[in-house]
Amino acid sequence: DFSLLYSVNIASNELDQNAIDNSWLANTNGLSILNLKANLMTSLPTSLTSMRYLATLDVSDNKITSLGINDNGLTGLKNLYQFKADNNNINKIASNNFDGLVSLGLLSMERNALQYPRARWFRNLCNLNSLSWEQNPWVCDCHATGFKVLLNETQSNNNYCYLPLALANTVQCYQPDNLNGKFIDNVPLSNITSSGDCSSYTAPTINPTNQPGPQPV
């Protein structure tokens, strides 16, 4: 009975997401730990959404390019505490991809292709205490305004959690050139908002402090 399995390790098996969705793994509804490292996935398996007791998921060292864009993302995994997706090619994450992860404590996405840190991803991650996403080509321009505003927050509010320890000193700017090597924490907000082309950028509508000024997104 696969539903009784607690932990599964199928790392380094050259499996893509379709092979996983069409396997017995799709019936492991009671699974708590799943290791899918070093396979050939380009997106997350859709069967993950049925694993409602999953607490630890590792999809590092695959070929994943996005989260929640061409798949169901991490929808429904309210018990997930640890998610690792290091060494992929992730360049896009749906704004609501992490919304249901109310238990998430550790998030690791090192060495991917992410460019703009988004405040919106962290809206419901009130239990997050460890964020590792170094060695992404971060662009610290107007598109990162929301994340910078969130870093400046001093307390929780109705819209966003207060996450100073988890988010601090995690985004080291790669672009623009004059900010290369600097942490976005140490860059004045005016430098962020005045850099880049945001002519087609939709202004954020959520204000975490209920005060005028730049909004997180």
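Just so it is clear, the model here is predicted, and its values are computed rather than measured.

**A few points about the state of the cysteines**
For the structure shown, the criterion picks out two disulfides. Here Cys140 connects covalently by a disulfide to Cys173, the sulfurs 2.0 Å from one another. Between Cys140 and Cys173 the sulfur-sulfur dihedral comes to about -95°; the bridge is accordingly left-handed. Taken together, the positions of Cys140 in the loop between β8 (130–132) and α2 (145–152) and Cys173 in the loop between α3 (164–167) and α4 (189–193) put the pair 33 residues apart, joining distant regions of the chain. Summarising the burial analysis for this pair, Cys140 and Cys173 share the class buried.

**Looking at the pattern of salt bridges**
On inspection of all chains with the given rule, the structure shows three salt bridges. In this structure, the salt-bridge partner of Arg120 is Asp99, at a minimum N-O distance of 2.7 Å. Placement of Arg120 in the loop between β7 (106–108) and β8 and of Asp99 in the loop between β6 (92–93) and β7 is noted, with a sequence separation of 21 residues between them. Given a relative accessible area of 22%, Asp99 falls into the partly exposed group. Between Arg111 and Glu110 there is a salt bridge whose closest N-O contact spans 3.1 Å.

**Quick word on α2**
One turn of an α-helix holds 3.6 residues; hence residues three or four places apart share an orientation. Counting buried residues along α2, seven of its eight residues qualify, which places the element largely inside the surrounding structure. Listed in full, the buried residues belonging to α2 are Thr145, Gly146, Phe147, Lys148, Val149, Leu150 and Leu151. The elements touched by buried residues of α2 are α3 and α4.

**Considerations on unusual backbone geometry**
A cis amide bond links Gln175 with the next residue in sequence, Pro176, at an omega value of -5°. By the element assignment, Pro176 lies in the loop between α3 and α4. The phi torsion at Ala38 lies on the positive side, around 55°, for a residue other than glycine. Checked against the element boundaries, Ala38 lands in the loop between β2 (33–35) and β3 (56–58). Phi is positive for Gln135, close to 60°, though the residue is something other than glycine. Relative to the assigned elements, Gln135 resides in the loop between β8 and α2. A relative accessible area of 59% means that Gln135 is categorised as exposed.

**Some details on the confidence of the model for the protein chain**
Considering every residue of the protein chain, the mean pLDDT works out to 87; 88% of them sit at 70 or more. Predicted confidence for residues 208–216 stays below pLDDT 50, and this span has 21 contacts to residues more than four positions away or in other chains.

**As for the nonpolar core**
One recurring pattern in soluble globular proteins: nonpolar side chains tend to sit buried together. Residues Leu34, Leu57, Phe83, Phe98, Phe122 and Trp133 are the most contacted members of the largest nonpolar core, which totals 53 residues. Mapped onto this core, the elements with two or more residues apiece are α2 and α3. If one sorts the elements of this core by residue count, α2 sits on top with three residues. Discounting chain neighbours no more than four positions away, the residues touching Trp133 are Met109, Glu110, Leu114, Pro117, Trp121, Phe122, Trp138, Phe147, Thr170 and Val171.

Each value, and the rule that gives it
Residues numbered from 1 in each chain as written. Predicted model: local features only at pLDDT ≥ 70, side-chain atom pairs only at ≥ 80, totals over all residues. Heavy atoms only, no water. Disulfide = S-S within 2.5 Å. Helix = DSSP H or I, 4+ residues; strand = E, 2+ residues; numbered from the N terminus. Buried < 20%, exposed > 50% of the residue type's maximum accessible area, 1.4 Å probe, protein only. Salt bridge = Lys/Arg side-chain N within 4 Å of Asp/Glu carboxyl O. Contact = heavy atoms within 4.5 Å. pLDDT = per-residue confidence, 0-100. Core = buried A, V, L, I, M, F, W, Y, C linked by side-chain atoms within 4.5 Å.

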